[in-house]
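For reference, the chains in residue letters:
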Amino acid sequence: MATSGAPGPDDHDHDHGHGRLASSLTARYSDWVLEALDELPGSFLLTDPALPGHPIVYASGGLAALTGYAPRDVLGRNARLFQGAATDRAAVAGVREAVRTHRAHQAALLNYRRDGAPHWVLLHLAPVFHARDGTLLHFLAVQVPIAPAAATRGATCHAPGPLLAACRDEARVREDLPCATHAGKVFVDMDKRGLEAEEPRVASDREKEMATSTANNIVSALNRYSKLTGLVVSSKRCCSIGIPALSSSLNLSLGRIKQSFVLTDSRLPDMPIIYASDAFTSLTGYSREEILGCNCKVLNGPGTSLEVLEEINQHICSEQACTVDLLSYRKDGSSYCDLLHVSPIRDASGKVAFHIWVHLDMGAKHDFNGLAPEVWLLGAVGAVRVAVRGCQASTMTA
Amino acid sequence: MEMKLTIKRVPTVVSNYQDDADKPRAGCGRNCLGDCCLPASKLPLYAFKLDPAKHLQEEAASTKLLVDILLSEWEDRMARGLFRYDVTACETKVIPGNLGFVAQLNEGRHLKKRPTEFRVDRVLQPFDPAKFNFTKVGQEEVLFQFENGDGDDSYFLNDAPIIAVDRAPNVVAINVSPIEYGHVLLIPRVLDRLPQKIDPESFLLALQMAAEAASPYFRLGYNSLGAFATINHLHFQAYYLSVPFPVEKAATHKIPLSEDTMKNGVTVSKLINYPVRGLVFEGGNTLEDLANVVSNACIWLQDNNVPYNVLVSDCGKRIFLFPQCYAEKQALGEVSQELLDTQVNPAVWEISGHIVLKRRSDYEEASETSAWKLLAEVSLSEERFEEVKAYIFSAAGLVQSDEEEEEASEGEGTTTFAPVPVTPLPVAEGCLVRQ
């Protein structure tokens, strides 16, 4: 922890923390999803990018066999724990980029087992989206051990083709102890490897196919269980309806910003709110569903100064930022002294795309990290600019 | 008569006090960073924790204090109108291709300045108090002092006396001609008026800043004189850009080291299939180990008059070192007019793959091939690079283990330097564009 005195919500309290991790899955699927996942073969884990630190929320039995880490050792931690001194940083940068842009990705990585032994795995990373509104729910990461080149060459002569391998994986779902057979095979491979582990390895087509089919199995299982709660998930992001949605990666970056703020779309008539931060919903009492699509004037009331509103308008028209003192109103009708900063946000083409409205209730106590309140407010503006510029620069490549 | 190599270029204006730096000034009543004002001043203080790399092993999500403070203070200076232009109004894009070069169109950065003559054949030059230096910067351009707090946690004070009584404070100041949002300068021991020259202590400070920022998208860079540094007063640059740099994604080939050399945990690799030849230093049991090896390499380069650029990446865990020869080629008239016309100065950010273009036509036509062509001019030849590498190794106390090298190069084949053809991603992409 830095300057702020109070510990974060995810600190120390293990039971509480683990309950929250489990509910990342059970709240979205059903209480039985964990049992269903436990029965699936393969070494895999699920992470929740919306929780602080992007922690692992599920780890399979096969992962324990492959890495030596029991599920309880890894839950709540970031998946980078498998990396070590000789893990290729360029490959890690590739994985990070896939996470950031919510793309599926396969990469050969030198990972480390719990006992410190390095081993080569093919990492198959896949985002899991809410099928209806396209929000990102989880990342699925499947790890398939990569056999040494010589062994692979031998294997491809006799091994069944990719299609057959996929069928076998499906069949395993119905076995009683599917993990055991898989784990056994892994250990045999491990023993043969020993010291040559650090030599770069390339995954064979068969290993790639195996990773993909394992991942597909898991997504279909999630899908079966998600239907019970009315939520349908998908490995492809689909387009949402109504108000233009922000890209899922931008939404996620915005979710990490602590200040109370909304974004309005400057290109639409009446500048509707297209994003509201958690701090904003708790400050004003409006839920996200209620506030999205509204104009910022919903916060105005009888005591709101018309001159100040006009001042804001003029600054918006001239693409300038301004900070004002204003009386604003919550949903329940109560008012508060609002330190409001409004600033245009430009997209990667340099044009004004959004306006950010950062609100601070001057009557409430806050931790400003040692900054003056009006400067602390601006941190949200900086963070939004960085998020918008980064996300859009890279999505415009297509 | 001594031969002197110079190039003419438009100097980058990093401070609003740069233009009038040459004018004589009677006294100083404007809160500068010089001896006249700084010791009696109060400035915000960012005190970083004793071991800035500590959190890297932990899972804490609450370690973004430095980036939070930096972006808040930077936005504040933007609101106060201290920058020469709004960098977020500059178009930016990722160029399609395997490496993903990032291009920015910045038509305003070099306007209204006349080209100035720069000497490019002396990597080390004595500090010249008559020229612009950071002691002439106004305090409003300073974001905070950046000091080791010697404690378990980092903290920030909005108003602190200059705490380092025994030595000059390190300061972080804005660059008034930013090439990205959050572009700042780290100036070690500002009052000591150090020339642009790497020393182990200052280089460690740069690594500590990268580790403290705890974000792979916050990087620091260094340009030596002769490699497009314009100010001979020790400084590192840094900014935040949440896109991976091409050089960070480029493949590397690890150079086998003798067991004795491996003790400090630092590994060295060579970039392959990247237009600029360079070395990658990684790991180290401590940040100091990594800082010592790389700064020894830099010291050899500067002492032997080889211009170079350094990128501090991946939270200070990964350092790229590029000896370069573009300015020398330019002075000798060996760079094509076509490239010179772009006015691109290939310093650390360009070499790393973030390329600031000055003309709209260059921006619109930018391709992986054009970026490659420019950067290839920066690189030393294979022969010269190997020669320099050998010197660097002996200066940094690195011993290559021979037998394994032969084996490895067999497997690797001949390294080819050419753009790799664009291939579709192995896995289908979801739809990501803003709907």
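Residues numbered from 1 in each chain as written. Chains lettered and ligands numbered in written order. Predicted model: local features only at pLDDT ≥ 70, side-chain atom pairs only at ≥ 80, totals over all residues. Heavy atoms only, no water.

## Some remarks on the domain arrangement of chain A
All names here are of chain A. Domain parsing of chain A yields domain 1 (18–148 + 202–234) and domain 2 (248–394). Of note, the centres of domain 1 and domain 2, computed from C-alpha atoms alone, are 35 Å apart. Each partner contributes residues to the interface: domain 1 has 9 residues there, and domain 2 has 7 residues. Interface area, domain 1 with domain 2, both sides summed: about 520 Å², of which 56% is carbon and sulfur. The three residues of domain 1 that bury the most area against domain 2 are P49, R100 and H102, which together make up 68% of that side's buried surface. Counting every contact that joins domain 1 to domain 2 gives 0 residue pairs in polar contact (both at pLDDT 80 or more). Broken down by element, the residue count for the side of domain 1 that touches domain 2 peaks at 3 residues, all from helix α5 (residues 89–101). (Domains from an automatic or database assignment. Contact = heavy atoms within 4.5 Å. Buried area = accessible area lost by both parts, 1.4 Å probe. Polar contact = N/O pair within 3.5 Å; in protein donor to acceptor, adjacent residues only side chain to side chain. Helix = DSSP H or I, 4+ residues; strand = E, 2+ residues; numbered from the N terminus.)

## Concerning the sheet that holds strand β10 (residues 335–346) of chain A
All names here are of chain A. Sheet architecture is open: 5 strands sit in the order β8-β7-β11-β10-β9, paired in antiparallel fashion. The outermost strands of the open sheet, each flanked by one partner alone, are β8 (273–276) and β9 (322–329). Each strand of the sheet is rotated relative to its neighbour by a mean of 30°, with strand direction disregarded. In the sheet, strand β7 (residues 260–265) pairs with β8 via 3 bridges, with the strands oriented antiparallel. Across the sheet, T264 pairs through a bridge with I273, a residue of β8. Together, β9, β10 and β11 (352–361) form the strand contacts of helix α13 (residues 306–317), whose direction differs from that of β9 by roughly 135°. (Pairing = 2+ DSSP bridges. Axes fitted to C-alpha atoms, helices over the stretch in contact; angles between N-to-C directions.)

## A short note on the side chain of K329(B)
Residues and elements named next belong to chain B. By the secondary structure assignment, K329 is in helix α5 (residues 326–331). Taking relative accessible area as the criterion, K329 reaches 18% and is therefore assigned buried. Within the local environment of K329, its side chain forms a polar contact with the backbone oxygen of E377, the two atoms lying 3.0 Å apart. If near-sequence neighbours (up to four positions away) are discounted, K329 is found in contact with E334, V335, E377 and S379. (Buried < 20%, exposed > 50% of the residue type's maximum accessible area, 1.4 Å probe, protein only.)

## A few points about the sheet that holds strand β4 (residues 102–105) of chain B
Residues and elements named next belong to chain B. The strand order across the open sheet built from 3 strands is β3-β4-β17, with neighbouring strands paired in mixed fashion. The sheet is open, and its two borders are formed by β3 (92–94) and β17 (354–357), each paired with just one other strand. Looking at each pair of strands side by side, their axes are set apart by 20° on average, direction ignored. With 3 bridges connecting them, β3 and β4 associate as antiparallel partners. Its bridge partner being in β4, K93 is matched across the sheet by A103.

## Regarding the UniProt feature "domain: PAS" (unreviewed entry) in chain A
Taking the numbering used here, the UniProt-annotated feature "domain: PAS" (unreviewed entry) corresponds to residues 29–78 and 273–293 of chain A. Annotation note: span residues 29–78 of chain A, helix share 34%, strand share 18%, distance between end C-alpha atoms 22 Å. (UniProt positions renumbered as here; feature names shortened; annotations may be inferred.)

## Section: the packing of aromatic side chains
Residues and elements named next belong to chain B. One pass over the full model with this rule turns up 20 aromatic pairs over all chains. For the ring pair Y46 and F146, a centre distance of 5.8 Å and an interplane angle of 25° mean the geometry is stacked. A residue pair is termed long-range when its members are at least 10 positions apart, and Y46 in strand β2 (residues 42–48) and F146 in strand β6 (residues 142–148) qualify at 100 residues. As far as the burial class goes, Y46 and F146 line up, both buried. Here the aromatic residues Y46, F48, F144, F146 and F156 are joined through ring pairs into a cluster of three or more. Above the plane of the ring of F118 lies R9, whose end atom (NZ or CZ) is 5.8 Å from the centre. Residue placement shows K389 over the ring face of F393; its charged tip is 5.8 Å from the ring centre. (Phe/Tyr/Trp six-rings, centres within 6.5 Å; stacked < 30°, edge-to-face > 60°. Lys NZ or Arg CZ within 6 Å of the ring centre and 35° of its normal.)

## A word on the packing of helix α4 (residues 287–303) of chain B against helix α10 (residues 382–395) of chain B
Residues and elements named next belong to chain B. Packing of α4 against α10 brings their axes to within 8 Å, and their N-to-C directions diverge by 125°. Here α4 lies oblique to α10, going by the angle between them. With respect to the hand of their crossing, α4 and α10 are arranged in right-handed fashion. Across from N296, A297, W300 and L301 in α4, the residues of α10 making contact are V388, Y391, I392 and A395. Split by residue class, the contact of α4 with α10 holds 7 nonpolar, 1 polar and no charged. (Parallel < 35°, antiparallel > 145°, perpendicular 65-115°, else oblique. Left-handed = near helix turned anticlockwise from the far one by under 90°. Nonpolar A, V, L, I, M, F, W, Y, C, P; charged D, E, K, R; others polar.)

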